[in-house]
Each structure stands twice: as structure tokens, then as C-alpha cells.
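# Descriptive structure summary
What follows is the residue order along each chain.
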Amino acid sequence: MHGFLLKKWRWLLTVLVLAVIGGGFCWWQRAQAAQQFVQSKTPTFFFHGYGSSRHAEEHMANAAKRAGVTNTIIWANVDRTGKVTFHGQIKDNAINPIIEVNYENPRETNYHTDGQWAFNVLKTAKQKWGFKKMNLVGHSMGNMDIMYCLLDHPNSKQLPKLQKQVDIAGHFNGLNGQDQASSKLNAAGKPAETDRFYRELTKLRTTYPTGVKILNIYGNLQDGSNSDGTVPNNSSKSLRYLVSPVAKSYTEHEIKGPRAQHSKLHSNSQVDSLLINFLWRK
């Protein structure tokens, strides 16, 4: 019996020591993250591309979580009528929460409708959690969701104040196979030829929110196409003309090689690092 009790106490002591060590390590991790990243309640919303879903956003969101940026990742579902339902909880003390947005109809080609759905998500999140500020990240058509939301609801008080915007593989002036998409850009970034959607978006030159920092990421397969296989680089880079008169800062970053393919950019480690550094690094 004495031997049994001794073994039991040793086992309990081992468990206790491991718990203390584990707790200490977690505290050390949090302390290290606090030194590296902003400790903010500002949420970051991720918008996926055409025909996709929130699962395309998970690689980027989980990379941020592994880096120690946040422990809070939830998702918002938008049904085919535009109704928003949130899945998961954001606690009052949550740091740098991430909200992955999922469209039940990811093939809606009316950008004004897509933008309204984005507006519904952002407005409802503000109502639910009282967010005063926000960051926005879009991949492919997710960028048009964001841009048309801002276009159709200029400086809306129903939205949190936009702080930072990341655009990945944006087709602001069209896709491969459309003549205007590869159109030469002038010194201000304006395309020589534009499609009707780009012409609509030029209104943002005066209505885009002030004080926003923008990171524009695009892919170049380096196969002679000057594109990511889907979007010409000049179409992505034409964003500069739309926002530069108002934005606080505008930065472009080109990803090169096979991993720069359009649908691979949202699961690219270089993109992960750029996002983390731009959005949250001190």
C-alpha cells in the first residue's frame, strides 16, 4: 500500500510540474507575441474569391494564429438573401480577432450585390460587438466585394473605421482574355483602357476612406504572361489609381514563380508573412 501511495504521489507531482511548465510556456508565448504584434481589439475580415468559400481563407488565418497574432478565429455565413449568421464567439478581451466570411452563393456576378453582402457582414459585426475599427483582406473577387461595399456605402457610420486593407490577386480592370485587363498603366497607375466596372470604381478616388494603409499583392508566374494565370498584373496594379489620392499609404508586392498562381496565392507562405507583418507586426 505504501508503495502504491508513493507512486500515486509521484504521478500527481509529475502532472503538477508539467502543468506549471506548460502554463509558464504559454505565458512566455503570450509575452513574446505581445512584444511582436499589436494587441488590439480590431477585427480582420477575410473575403474569398469566386466559386470559393471560407476554407480558402483558413490557411492565412491559421498562419496568423500559429504566429501568436490571435487565438480567436470565427466565421460569418452570408446566405443567398444576404442574411448574416456568425459562428463562434469573440470575447471582450479577444486580441486581433479574425472573421472568415463565407458566401453561400459564391458565384454572384453582380458586384453591387456582392458589395451589399460584405456591407451586411461588417455592419452586423459592428452592431454585435461594437467594433470601432477594422481591417479587410480580399482574395480575387473578394477584393471586388470590398471595393463595391466601400463604393456603395461611402464613409458609412454603420461600418467600423477602415484601418488597413490587403488585396490579393485583385482583378480591378478585368481578367485574362479581356483586352483592357493588360492595358498599359500611366505614371499614376491609370489603365489606358478600362472596363465598365473599373470606371464605376473610379468614384472611389474621392470617396475612399481617408487614413487607410493598403497592401496590394499580386502573382507573376514568370512564364511571359505577366499574370498569375488568371489576372494580368496590370489589372491588379490598377488599384493604385483608384485609392492613391486618398489612402494614407499604398504598397505593392509581387510574388513570383509557380506558387504565385492565382488560386495558390491564398495558401502561399510568402503571402502569410506579408499579411502578418503588414496587419499586426509592431
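Worth saying up front: this structure is predicted, and the values here are computed from it rather than measured.

## Some details on the side chain of N220
- Checked against the element boundaries, N220 lands in strand 7 (residues 213-220).
- Within polar-contact distance, the side chain of N220 engages the backbone nitrogen of Q222 at 2.8 Å.
- If we skip the residues at most four places from it in the chain, N220 touches N226, S227, N233, E254, I255, K256, G257 and A260.

## Some details on the packing of aromatic side chains
- Tallying each qualifying case throughout the model produces five aromatic pairs.
- For the ring pair Y103 and W117, a centre distance of 5.3 Å and an interplane angle of 90° mean the geometry is edge-to-face. One end of the pair, Y103, is in strand 4 (residues 98-103); the other, W117, is in helix 3 (residues 111-129), with 14 residues separating them in the sequence.
- Relative accessible area serves as the criterion here: at 4%, Y103 is assigned to the buried category.
- Aromatic rings pair up to connect F86, W129 and F131 into one cluster.
- Geometry around W129 places K128 over its ring, the cationic atom sitting 5.3 Å from the centre.
- Here R205 stacks its cationic end above the ring of Y241, 3.8 Å away from the centre of that ring.

## Examining helix 3
- Given a rise of 1.5 Å per residue, 19 residues ought to cover 27 Å, and the 27 Å separating the end C-alpha atoms of helix 3 matches this to within 8%.
- Every buried residue of helix 3 is listed here: Y111, D114, G115, W117, A118, F119, N120, V121, L122, A125 and W129.
- Between the side-chain oxygen of the N-cap and the backbone nitrogen of H112 there are 2.9 Å, and the N-cap of helix 3 in question is N110.
- Just past helix 3, the residue G130 takes up positive phi, approximately 75°.

## Re the nonpolar core
- F45, F47, I99, Y208 and V243 are the most contacted members of the largest nonpolar core, which has 47 residues in total.
- Setting aside residues no more than four positions away along its own chain, F45 makes contact with I99, V101, V121, L122, A125, M134, N135, L136 and V137.
- Within the second largest apolar cluster, 24 residues are counted, among which are A61, V137, I255 and I276.

## Let's talk about the packing of helix 2 (residues 55-67) against helix 9 (residues 269-279)
- Packing of helix 2 against helix 9 brings their axes to within 10 Å, and their N-to-C directions diverge by 60°. What the angle tells us is that helix 2 and helix 9 run oblique. Both helix 2 and helix 9 take part in a crossing whose hand is right-handed. Only V271, D272, L275 and I276 of helix 9 make contact with helix 2, whose side of the interface consists of H59, M60, A63, A64 and A67.
- A per-class count over the contact of helix 2 with helix 9 returns seven nonpolar, one polar and one charged.

Analysis parameters
Residues numbered from 1 in each chain as written. Predicted model: local features only at pLDDT ≥ 70, side-chain atom pairs only at ≥ 80, totals over all residues. Heavy atoms only, no water. Helix = DSSP H or I, 4+ residues; strand = E, 2+ residues; numbered from the N terminus. Polar contact = N/O pair within 3.5 Å; in protein donor to acceptor, adjacent residues only side chain to side chain. Contact = heavy atoms within 4.5 Å. Phe/Tyr/Trp six-rings, centres within 6.5 Å; stacked < 30°, edge-to-face > 60°. Buried < 20%, exposed > 50% of the residue type's maximum accessible area, 1.4 Å probe, protein only. Lys NZ or Arg CZ within 6 Å of the ring centre and 35° of its normal. Expected span 1.5 Å × (residues − 1). Core = buried A, V, L, I, M, F, W, Y, C linked by side-chain atoms within 4.5 Å. Axes fitted to C-alpha atoms, helices over the stretch in contact; angles between N-to-C directions. Parallel < 35°, antiparallel > 145°, perpendicular 65-115°, else oblique. Left-handed = near helix turned anticlockwise from the far one by under 90°. Nonpolar A, V, L, I, M, F, W, Y, C, P; charged D, E, K, R; others polar.

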